[in-house]
Amino acid sequence: MTSRSIYDLTSPDVAELLGRSGIVVMPFGSVEQHGPHLPCGTDTMAADLVASEVAERLDALLVPAGQYGVTPIHAGHPGTISLRRDVFEAYITNLCEELVGLGAKTLVFVNWHEGNNASLDAVATDIQDRHGALVVTAHACYVAQRVYAPEGGELTHGGGIETLAVLAYDPSLPRLDRVAEPTRPDGAAELDEMRRSNEIYGYITDVTEIADDGWYGNPGWATEERAAAFAVTVADEVAARVDSILKLRRGAR
């Protein structure tokens, strides 16, 4: 697959790609503890993998937006680096304004980290309102949760789906020898369901409210076979939905 990353393309290549499709895909993750077995960059790795495949499907320019996100609920755990919301939003706004100035007409945010949700919504609506570019946000972690649920996959912090993403990124990184068995503290799944509800929800401000050591789930659910198809499987779902939204929005203008 030919790289579509702005890192790898020459200036004329960037201009040609933006002139052809006008679409930019931007991955967002975080750097935070993921237990004793997964790297702190898990969310960013997952977002990068999916976003790269989405950019290919949408004929888009891939613009990595940086590794860090808004993750105060993991503060105090070694390896966690959280940005303040004002810093994160100002940075992303700056990037988007630059890209619109270069000719981007559509911005697609591919996000894996839930702590970024509110900030990405705020930036997206502001950029679309002030600059006229269409913005679509894809929370790839929730897409993965839906896709893998029939196979027993669960979106828990440091659990099966996130282990799958890291295996897909680099199979040498997970330290599954450090996890003796699946862990499910009392109330952990219910708290996750509470904070992810689309109707009425409460908040988690410290990950130890869910689990004392900051993670739970079944990392052993992840297999090399599933990992080989991870990015393509999730990206197919994301790209199809993004494409349908873009057609709807463009038709309304």
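In what follows, the accompanying structure is described. (Residues numbered from 1 in each chain as written. Predicted model: local features only at pLDDT ≥ 70, side-chain atom pairs only at ≥ 80, totals over all residues. Heavy atoms only, no water.)

1. Some words on the side chain of His139
Stage number 1. Within the secondary structure, His139 sits in strand E4 (residues 134–139).
Stage number 2. According to the relative accessible area criterion, His139 is buried, its value standing at 18%. (Helix = DSSP H or I, 4+ residues; strand = E, 2+ residues; numbered from the N terminus. Buried < 20%, exposed > 50% of the residue type's maximum accessible area, 1.4 Å probe, protein only.)

2. A word on the pattern of salt bridges
Stage number 1. Per the counting criterion, the structure on display carries 19 salt bridges.
Stage number 2. Ionic pairing is found between Arg175 and Asp177, a salt bridge with its closest N-O pair at 3.2 Å.
Stage number 3. Across the pair Lys247 and Asp243 runs a salt bridge, and its minimum N-O distance is 3.2 Å. Taken together, the residues span about one helical turn, with Lys247 and Asp243 both in helix H8 (residues 224–251) at a distance of four residues. (Salt bridge = Lys/Arg side-chain N within 4 Å of Asp/Glu carboxyl O.)

3. Some words on the environment of Pro185
Stage number 1. Here Pro185 shows up in the loop between helix H6 (160–169) and helix H7 (188–195).
Stage number 2. Sequence separation between Pro185 and Gln145 is 40 residues, and the spatial gap between their C-alpha atoms is 20 Å.
Stage number 3. Apart from the residues within four sequence positions on either side, Pro185 is in contact with Ile210, Ala211 and Tyr216. (Contact = heavy atoms within 4.5 Å.)

4. What about the pairing of E4?
Stage number 1. Of all six residues in E4, five are buried; the element is thus mostly enclosed.
Stage number 2. The pairing of strand E3 (residues 106–111) with E4 spans six bridges and is parallel. Across the sheet, the residue bridging to Asn111 is His139, located in E4. (Pairing = 2+ DSSP bridges.)

5. So, the packing of aromatic side chains
Stage number 1. Under the definition given, this model contains five aromatic pairs.
Stage number 2. Ring plane angle 75° and centroid distance 6.1 Å describe the contact between Phe28 and Phe88, whose orientation is recorded as edge-to-face. Here Phe28, found in strand E1 (residues 23–28), pairs with Phe88, found in helix H3 (residues 85–102); they are 60 residues apart in sequence, far enough to count as distant. As far as the burial class goes, Phe28 and Phe88 line up, both buried.
Stage number 3. Consider the rings of Phe28 and Phe109, whose centres lie 5.2 Å apart with planes at 80°: the pair is edge-to-face. Of the two residues, Phe28 sits in strand E1 while Phe109 sits in strand E3, which places them 81 residues apart along the sequence. When sorted by exposure, Phe28 lands in the same class as Phe109, which is buried. (Phe/Tyr/Trp six-rings, centres within 6.5 Å; stacked < 30°, edge-to-face > 60°.)

6. A short note on the sheet that holds E1
Stage number 1. An order of E2-E1-E3-E4 is seen for the four strands of this open sheet, with the pairing classed as parallel. Each having just a single partner strand, strand E2 (61–62) and E4 make up the two edges of the open sheet.
Stage number 2. The pairing of E1 with E2 spans two bridges and is parallel. The residue bridging Val25 from the neighbouring strand is Leu62, located in E2.
Stage number 3. Running at roughly 160° to E1, H3 makes contact with E1 and E3 of the sheet. (Axes fitted to C-alpha atoms, helices over the stretch in contact; angles between N-to-C directions.)

Note that all results are geometric; they support no functional claim without further evidence.
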